[in-house]
Amino acid sequence: MAFILAGCTQEQMQGWLPTEPGTTNNVDRVIGLWVTSWIVLLVVGVVTWGLTIWAIVVYRRRKGQTGLPTQLRYNMPIEIFYTIVPLILVLGFFAFTAQDQSAIEAKYDNPDEVIQVYGKQWAWDFNYISQDAYSPGIQGQPNPDDANGSLVESEIPTLYLPVGKKIEIQLDSRDVIHSFWVIDFLYKKDMLPGKTNYMYVTPEREGTFAGKCAELCGEYHSMMLFNVKVVSQQEYDDYIQSLKDAGQSGILGPEYNRNDNLPGIGTPAKEETPEAAAVSNAG
Ligand SMILES: [Cu+2]
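Thresholds applied
- Residues numbered from 1 in each chain as written.
- Predicted model: local features only at pLDDT ≥ 70, side-chain atom pairs only at ≥ 80, totals over all residues.
- Heavy atoms only, no water.
- Helix = DSSP H or I, 4+ residues; strand = E, 2+ residues; numbered from the N terminus.
- Rg over C-alpha atoms; globule rule 2.2 N^0.38 Å.
- Areas by Shrake-Rupley, 256 points an atom, 1.4 Å probe, with all protein chains shown as cover.
- Lys, Arg positive; Asp, Glu negative; His and termini not counted.
- Charge placed at Lys NZ, Arg CZ, Asp CG, Glu CD.
- Donors = N, O, S within 2.8 Å, 3.2 Å for Na, K, Ca; no water.
- Tetrahedral: all angles 85-135°; square planar, octahedral: opposite > 155°, others 65-115°.
- Buried < 20%, exposed > 50% of the residue type's maximum accessible area, 1.4 Å probe, protein only.
- Contact = heavy atoms within 4.5 Å.
- Polar contact = N/O pair within 3.5 Å; in protein donor to acceptor, adjacent residues only side chain to side chain.
- Pairing = 2+ DSSP bridges.
- Axes fitted to C-alpha atoms, helices over the stretch in contact; angles between N-to-C directions.

**What to know about the overall build of the chain**
No. 1: Within the chain one finds six helices and 10 strands.
No. 2: Relative to the compact-globule value of 19 Å for 283 residues, the chain shows a C-alpha radius of gyration of 27 Å, a clear excess of over 25%.
No. 3: By its C-alpha atoms, the chain is 95 × 65 × 50 Å across when sized along the principal axes.
No. 4: On the chain, roughly 17900 Å² of surface is accessible, and the fraction owed to carbon and sulfur atoms is 60%.
No. 5: Across the chain, the centroid of the 20 positively charged side chains sits 16 Å from that of the 33 negatively charged ones.

**A word on the coordination of the copper ion**
No. 1: At the metal site, the copper ion is ligated by His178 (ND1), Cys213 (SG), Cys217 (SG) and Met224 (SD), and these contacts range over 2.1 to 2.5 Å.
No. 2: Around the copper ion sit four donor atoms, and with donor-metal-donor angles ranging over 92 to 124 degrees the site reads as tetrahedral.
No. 3: Mapped onto the sequence, the residues coordinating the copper ion show the spacing H-x34-C-x3-C-x6-M. With His178 in strand β6 (residues 178-182) and Cys213 in strand β9 (residues 207-213), this residue pair connects regions lying 35 residues apart in the sequence. Of the two residues examined, His178 and Cys213, each falls in the buried class.

**Remarks on the environment of Thr158**
No. 1: By secondary structure assignment, the location of Thr158 is in strand β4 (residues 158-162).
No. 2: Remark: the alpha-carbon pair of Thr158 and Phe226, spanning 68 residues in sequence, is separated by 5.6 Å.
No. 3: Ignoring any residue separated from it by four or fewer positions in sequence, one finds Thr158 in contact with Phe126, Tyr128, Asn227, Lys229 and Tyr239.
No. 4: Side-chain polar atoms of Thr158 contact the backbone oxygen of Ile156, separated by 3.2 Å.

**Remarks on unusual backbone geometry**
No. 1: Backbone torsion omega between Gln121 and Trp122 reads 0 degrees, so that peptide bond is classified as cis.
No. 2: As for its position among the elements, Trp122 is in the loop between β1 (113-120) and β2 (123-128).
No. 3: Phi angles above zero are rare outside glycine, and Leu186 is one such case at about 50 degrees.
No. 4: Structurally, Leu186 is set in the loop between β6 and β7 (187-191).
No. 5: Residue Leu186 is classed as buried on the basis of its relative accessible area, which comes to 18%.

**Quick notes on the sheet that holds β2**
No. 1: Within the open sheet, the five strands sit side by side as β3-β2-β1-β5-β8. Their pairing is mixed. The strands lining the two open edges of the sheet, one partner per strand, are β3 (133-136) and β8 (197-201). Between one strand axis and the next, the sheet turns through 20 degrees on average, direction left out of account.
No. 2: Here β2 pairs with β3 via four bridges, running antiparallel. Residue pairing for β3: Asn127 is matched across the bridge by Tyr134.

**Focus: the sheet that holds β4**
No. 1: In space, the five strands of this open sheet follow the order β4-β10-β9-β6-β7, with mixed pairing throughout. With partners counted over all chains shown, the strands left at the sheet margins are β4 and β7, one partner each. Strand-to-strand, the axes of this sheet are offset by a mean angle of 25 degrees, without reference to chain direction.
No. 2: Both β6 and β7 contribute to a ladder of five bridges, which runs antiparallel. In the strand pairing of β7, His178 is matched with Met191.
No. 3: Strands β4 and β10 (225-231) of the sheet are contacted by helix α5 (residues 233-245), whose axis makes an angle of about 135 degrees with β4.

Below you can see the structure in the form of structure tokens.
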């Protein structure tokens, strides 16, 4: 196995997943689960295809044979084998998936940074809660000079993350269900109106990574893009300072949500006017 794998490229070693090992604290775990699962499944596949072809060749009808071959049924050892092996496989996949999932979803008790991301039709607002600064986003702007429909890169909302720091990201929505997907992090999670989801990540490699909404959320869903810049602590601090210099201190809270009367949002319910009460009583 080692000899065969030695000839593989990095791309093949990670099962063609769109990332590099070590991009976050979780990426290697996901690659391991993905690649090992494929190896197990391919072994099962080779055995199954092999037995199928063997049976076809060895038990083919020979010249001069007539009638049906000896009919067999209820071969107990084979019945048990065909029941036990898939059961072991399913339980095995479940166990390893559950183990990795609970490791990836493990809460940081003392995150270095808490950042809130709001999904909204069709862009993102980033609240750097620990730093008391925010960055509002607009949806992707079509490039007027390009007939192929590319977007103006500089207009795409950008989330800055300091490298090597434990980050808690709170995922919220201002309107409909979106999904926060950073491709190179091999992670995505839904953003639901009225409910906060959490993502815990330690980015470990500096760079710019593409992100997008992964839940069809309306007409301009395809323009709901963002970038993640993983930078040094110094660059991160400089960026936060630039937001504050631009007057973007504080956060953009739920007051900008479109559905401000959902249960759980925390906005006070509108008071019933005497006129409305009269109408509802009459109705
Ligand atoms: Cu969306």
